[in-house]
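Here are the chains, one letter per residue:
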There are 2 protein chains.
Amino acid sequence: MSRVYLDYNATAPLRVEAREAMLAAMDVVGNPSSVHAEGRAAKAIVEKARGQVAALVGCDPQEVIFTSGATEAVAMAAYDSDEIFAAPVEHDCVIANETLPEDSAKVFDVSKDGIVSFTGYAHPSWFCGGNELFFFQRANSETGVLQDVSMPQTARDIGIDGFNVFRDVAQALGKIADLGRIPPREEASIGSSLAVSAHKIGGPKGVGALIAGPGYTPGPFNMLIEGGGQEMGRRSGTENVIGIAGFGAAAEAAARDLEAGVWEKIEKLRNILESAIEARSNDTIFVGKGAERLPNTSCFATPGWKGETQVMQMDLAGFAISAGSACSSGKVKSSRVLRAMGYDEDVAASAIRVSLGPETTEQQVMAFAEAWLKARDKQRARAA
Amino acid sequence: MSRVYLDYNATAPLRVEAREAMLAAMDVVGNPSSVHAEGRAAKAIVEKARGQVAALVGCDPQEVIFTSGATEAVAMAAYDSDEIFAAPVEHDCVIANETLPEDSAKVFDVSKDGIVSFTGYAHPSWFCGGNELFFFQRANSETGVLQDVSMPQTARDIGIDGFNVFRDVAQALGKIADLGRIPPREEASIGSSLAVSAHKIGGPKGVGALIAGPGYTPGPFNMLIEGGGQEMGRRSGTENVIGIAGFGAAAEAAARDLEAGVWEKIEKLRNILESAIEARSNDTIFVGKGAERLPNTSCFATPGWKGETQVMQMDLAGFAISAGSACSSGKVKSSRVLRAMGYDEDVAASAIRVSLGPETTEQQVMAFAEAWLKARDKQRARAA
């Protein structure tokens, strides 16, 4: 049997539309900044993709600033913000940021289902210094848990009118329609900015965008990468024309899939998987199942059976899944996200993530469930 | 007649080897950070390319940190340096940097041929604060002028032992063998770091690398883009696997060309071009001709005839050339580089750059010379 890829949240296979757009872009020799015919042709590719990405996000094309990925977009937002705040369930690219104060996590409460809210520790004085920035992912990459979009109400609850929010929607883009973009208001001038990534929607790796809110300029966040003034003076460096072409085509295809209800079918497969596992492994915990989740993601922990061991056993059996986020250069440790949700070390270390995509079939899902349950039986026998 | 592309310094056509490597990489689905078979296959692509780039540069593969281009590599070097210094002939990505002090230029003298040296203004006290960084491009993108590699001697002349130098070799890589890497010494721990770019050597746009000297760690320069810890903890964000594959293949092909003497043939074509122009336009100034130059670059100014006009006329006639650097989003103004070399506004505004590459033929060069001289005659007639 050929390999079964069930790790779409780590990266999705390149869509055929993206491949074709990239092939076409390879024949265009020019630099988009050059004024001659070859340069204009390259620029046209970038601008076409900008429109395609904007259409998927639901924003103005002028708001799209192409970057080398969502991680760079997050770095741009964090750069030169006076202070950033983020709950401990955020992605490494937020958590690792040097401008994140150590006590940032105190500001947030994380429920067992992964829902983030402000704690009593958060007080109005924190929100009037000037240039604070709050990161709120739309969907968690490990658990698929969706964060509520009604943050402004929450803010009012603690006595402030608004604040600056940057949303990491890398994992949500293309999988759900509502990206939770907070409508821009005067008192939250960058409240509507987003980070997106091409390779999570079937575009190439190493391309993404910062979706800049109407109030976004290179300050209040200064420009991270300066130089030739590409991307309307907001991000310098010769554009990744081939990659951007692939991003645009993938965005168009992803929008079509979303419209066609492809992710509702994927959700059914995910539920079939969880039911199959649940029926025969009754001590397995489905993380975040009580919350709204991405339709394709299942994170489940089987205490006493290390996630990394499961990943290796499934790999040998022909299935690609993951333990935690892929963006960690193969490091093996218990899930920070699960620990933040209140799970103990044993549970957090025994979690795996199975994430499906448009090419996933019911046959593949059932084959995985069978293989996993077989391994589970063996593990149970060994442990007994 | 089909179009003739003579703007290799802006960007080179994608090499066939790069295209093939990128196509192969498109079939590999994994994220290089994933531990399963698909992830390991993606990682192998990145590591193969790392070796290919290292072989062209002449460095250890571990010194190669892949980035979204040379501009990002420069930003990484500048980030968190206490102060950077650069002569006004440097690339926009150096000059635009916010950490460049306004009087930085005072430290340098630029000769009429574009050669940079320290001025009397430079004094030892500038070099002992801690974390100063000097940028010295190897080859100027507009003029092709090569900077002397004997900087340490110059430094000793002004009474210091050494300093930290970062070399922008984006334009030199693949065109000349000696990248002017300054041997690492204890007192110049990052003296051997370089910025390189894929698309100048026939790889894709939007990929490059910082070649980190032995003393390089995320400090003394802090990490510009933080997160998952890719690139051995020195640059985060999921790798541009397809682009990196193309970079590697282009580097291998470029190394072969260099070895085979391809650039000596290109130099002959460049000289044929200059002789043809010189013979019939005796007021045309060949910029930097008195200095060592890249073999493929000709920058010439014809006072009274605007460079941008020449670029447009040649574009209509079927030739892609440029006025100044391409990395300026189509902005039209006189060359900053030429003004720094002591040319007046009239000369600086009338310069064009013709840059050749491995695919350039003598027929193309002569066709360009004829077309340019024909336009020159018309311009002379109009001006008379």
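Okay, the interface of chain B and chain A next. Of the residues lining the interface, 64 residues belong to chain B; the matching set on chain A comes to 64 residues. The largest contributions to the chain B side of the interface with chain A come from M26(B), K205(B) and E226(B), which together make up 13% of the buried area. Where chain B touches chain A, the interface holds 6 salt bridges. A salt bridge links R40(A) to D315(B), with the nearest nitrogen and oxygen atoms 3.0 Å apart. Across the chain B-chain A interface, the total number found is 18 residue pairs in polar contact (both at pLDDT 80 or more). If one sorts the elements of the side of chain B that touches chain A by residue count, helix α1 (residues 16-26) of chain B sits on top with 4 residues. Within the side of chain B that touches chain A, the residues separate by chemical class into 27 nonpolar, 23 polar and 14 charged.

For the rest of this paragraph, the subject is helix α12 (residues 362-383) of chain A. All names here are of chain A. If you check α12, its first and last C-alpha atoms are 31 Å apart, about what 22 residues at 1.5 Å a residue would give, namely 32 Å. Residues V365, F368, A369, A371, W372, L373, A375, R376 and Q379 constitute the buried set of α12. As for α12, its buried residues are in contact with α8 (262-280), β11 (297-301), α9 (307-316), β12 (319-320) and β13 (351-355).

All names here are of chain B. Across the sheet, 3 strands lie side by side as β10-β11-β13; this open sheet has antiparallel pairing. Since the sheet does not close on itself, it has two edges, and those belong to β10 (285-286) and β13 (351-355), each with one partner. Two strands pair when backbone bridges link them, and β10 and strand β11 (residues 297-301) are joined in this way by 2 bridges, in the antiparallel orientation. Bridge pairing in β11 links F286 to F300. Across the sheet, helix α8 (residues 262-280) lies against β10, β11 and β13, angled at about 15 degrees from β11, the strand it touches most.

The subject of this paragraph is the domain arrangement of chain A. All names here are of chain A. On domain assignment, one finds that chain A holds domain 1 (4-12 + 261-383) and domain 2 (16-256). If you look at the interface, domain 1 gives 31 residues, while domain 2 gives 29 residues. Buried surface at the junction of domain 1 and domain 2, both sides included, amounts to about 2500 Å², of which 52% is carbon and sulfur. On the domain 1 side of the interface with domain 2, the three residues burying the most area are L294, R336 and M341, jointly 25% of the side's total. Applying the counting criterion to the domain 1 and domain 2 interface returns 1 salt bridge. For R336, the salt bridge goes to D92, with nearest N and O atoms at 2.7 Å. Along the contact surface separating domain 1 from domain 2 lie 17 residue pairs in polar contact (both at pLDDT 80 or more). Put simply, the parts of the chain that give the side of domain 1 that touches domain 2 at least two residues each are β11 and α10 (336-340). A class-by-class count of the residues in the side of domain 1 that touches domain 2 yields 14 nonpolar, 11 polar and 6 charged.

With that settled, the discussion passes to the relation of the copies chain B and chain A. For the pair chain B and chain A, the relating rotation is 180 degrees, the translation along its axis is 0.0 Å, and the fit reaches an RMSD of 0.0 Å. Taken together, the rotation angle and the small translation identify this as a two-fold axis. For chain B, the smallest separation between a C-alpha atom and the rotation axis is recorded for S68(B), amounting to 3.0 Å.

The rules behind each value
Residues numbered from 1 in each chain as written. Chains lettered and ligands numbered in written order. Predicted model: local features only at pLDDT ≥ 70, side-chain atom pairs only at ≥ 80, totals over all residues. Heavy atoms only, no water. Contact = heavy atoms within 4.5 Å. Buried area = accessible area lost by both parts, 1.4 Å probe. Salt bridge = Lys/Arg side-chain N within 4 Å of Asp/Glu carboxyl O. Polar contact = N/O pair within 3.5 Å; in protein donor to acceptor, adjacent residues only side chain to side chain. Helix = DSSP H or I, 4+ residues; strand = E, 2+ residues; numbered from the N terminus. Nonpolar A, V, L, I, M, F, W, Y, C, P; charged D, E, K, R; others polar. Expected span 1.5 Å × (residues − 1). Buried < 20%, exposed > 50% of the residue type's maximum accessible area, 1.4 Å probe, protein only. Pairing = 2+ DSSP bridges. Axes fitted to C-alpha atoms, helices over the stretch in contact; angles between N-to-C directions. Domains from an automatic or database assignment. Least-squares fit on C-alpha atoms with pLDDT ≥ 70 in both.

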